[in-house]
Amino acid sequence: MELNLMRLLAECQEENKEVALITVISSENVKNCVTGSMMLINENGETLAGGIGNEIFQQKAIKQGQICIKRGLSRKSLISVEKNSVEIFVQAFCNDDRLIIIGAGTLAQTIYKLARILGYRITVVDNRPEMLTKERFLGANELLLGDIIENLDLCTITENTNIVIATHHHEFDEQALQAVISSPARYIGVLGNRRRVAEYFSNLKHLNVAEELVDRVYSPIGLDLGGRKTSEIALAVMAEIQAVKFQRNGGFLKKEEC
């Protein structure tokens, strides 16, 4: 059973399916629940393989697994029913959010720092060796130095990928946008003034790029949080990326009193 379970887990990872592996760490005096028992569940709480024996504890373990998938974390959890308890370890396998930052200037570096805090896997693309350094982007998953457009072709872009375009003096912004516009990226944002970006959009339409693809590009970039400092703009950008991820409008949680 364990061999089939692990094989199924590997298949889920290859297919980018979000699942949780639940393992019983300790179990005392709980009927049909043995230490070492494992089960694999998906985000809907469906059991894909295995089981931990006791139905009551299993349902509670499934709920813990769903929480871990939703929050993207792995942890120990103690499940108690009356005077009995079972300790489990839930290992969540979640799709990683990815961020491709095209440009390595000061704003790009600040966006990078915020994205790292949020747990993104980050790729930075630039053609300036003095700017794209390990010291400036310490801990980045990938630094692609050289021809920006050629390096973009090397990037894997999925539905969990977010792209921020902010090249030096906007020199490669339009080319970069053309390179990624047809990708399945969840978010594409372009730093630049309205007039310049409007020209990019016009040129895309002349290239017969579908209007719905152009409409999904975010520019001006970022939520309207106020502030003009680099750190404030970076915060607005990452806030917009998060809002798109969770399909929210970025408004206040506090409601006005009736």
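All of the points below concern the structure found in this document. Just so you know, these numbers come straight off a predicted model, no measurement behind them.

This paragraph deals with the nonpolar core. Residues Ile163, Ile165 and Leu177 are the most contacted members of the largest nonpolar core, which totals 25 residues. Residue assignment for this core shows that the elements contributing at least two residues are strand 6 (98-102), helix 4 (148-152), strand 9 (161-165), helix 5 (173-180), strand 10 (187-190) and helix 6 (194-206). No other element matches the 4 residues that helix 6 contributes to this core. Non-local contacts of Ile163, meaning those with residues more than four positions away in its chain, are made with Leu99, Ile100, Ile102, Ile157, Val180, Ser183, Ala185, Tyr187, Ile188 and Gly189. Ala108, Ala115, Tyr120 and Phe137 belong to the second-largest nonpolar core, a separate cluster that totals 22 residues.

A separate point is the sheet that holds strand 8 (residues 142-145). Spatially, the 6 strands line up as an open sheet ordered 8-7-6-9-10-11, and their pairing is parallel. Each edge of the open sheet carries a strand with a single partner, namely strand 8 and strand 11 (217-218). With 5 bridges connecting them, strand 6 and strand 9 associate as parallel partners. Each bridged residue has a counterpart across the sheet, and for Ile102 the counterpart in strand 9 is Ile165. With respect to the sheet, helix 3 (residues 106-117) is in contact with strand 6, strand 7 (121-126) and strand 9, its orientation differing from that of strand 6 by roughly 170°.

A separate point is the pattern of salt bridges. Here the structure, examined in full by the defined rule, presents 5 salt bridges. In this structure, Asp97 and Arg186 form a salt bridge, with 2.8 Å as the shortest nitrogen-oxygen distance. Taken as a pair, Asp97 in the loop between strand 5 (84-93) and strand 6 and Arg186 in the loop between helix 5 and strand 10 lie far apart in primary sequence, 89 residues in all. One salt bridge connects Arg128 with Asp126, and the closest N-O pair in it is separated by 3.0 Å. Ionic contacts of the salt-bridge type, sharing partners, join the residues Asp97, Arg186 and Lys245 into one network.

Turning next to the packing of helix 5 against helix 6. Running from N to C, helix 5 and helix 6 point in directions that differ by 45°, and their axes come no closer than 10 Å. Comparing the axis directions of helix 5 and helix 6 gives the class oblique. Of the two elements, helix 5 crosses helix 6, and the hand of that crossing is right-handed. Along the contact surface, helix 5 presents Asp173, Glu174, Leu177 and Gln178, while helix 6 presents Tyr200, Phe201, Asn203 and Leu204. A class-by-class count of the residues in the contact of helix 5 with helix 6 yields 4 nonpolar, 2 polar and 2 charged.

Analysis parameters
- Numbers given to residues run from 1 along each chain, matching the order in which its sequence is written.
- Only residues with pLDDT of at least 70 are given local features in this predicted model, and only at 80 or more are side-chain atom pairs given and counted; all residues enter the totals for whole chains, interfaces and linings.
- Water and hydrogen atoms play no part in the side-chain values, which are based on all heavy atoms of the structure.
- Residues enter a nonpolar core if they are buried and are Ala, Val, Leu, Ile, Met, Phe, Trp, Tyr or Cys, with the set joined through side-chain atoms within 4.5 Å.
- Note on classification: 1.4 Å probe, protein chains only; a residue is buried when its accessible area is under 20% of the maximum for its type, exposed when over 50%, partly exposed between these limits.
- A run of H or I in DSSP becomes a helix once it reaches four residues, and a run of E becomes a strand once it reaches two; helices and strands are each numbered from the N terminus.
- In this analysis, two residues are considered to be in contact whenever any of their non-hydrogen atoms come within 4.5 Å of each other.
- Two strands pair if DSSP finds at least two bridges between them.
- Only the stretch in contact is used when a helix axis is fitted, and all axes are lines through C-alpha atoms; the angle between N-to-C directions ranges over 0 to 180 degrees.
- For this analysis, a salt bridge means a side-chain nitrogen from Lys or Arg found within 4 Å of a carboxyl oxygen belonging to Asp or Glu.
- Geometric relationships in this document are graded by angle, where less than 35 degrees denotes roughly parallel, more than 145 denotes roughly antiparallel, 65 to 115 denotes roughly perpendicular, and other angles denote oblique.
- Note on convention: near helix rotated counterclockwise from far helix by under a right angle means a left-handed crossing. Clockwise means right-handed.
- Three classes are used, and their members are as follows: Ala, Val, Leu, Ile, Met, Phe, Trp, Tyr, Cys and Pro are nonpolar, Asp, Glu, Lys and Arg are charged, and the others, Gly among them, are polar.

Worth remembering: the numbers are spatial, not functional.
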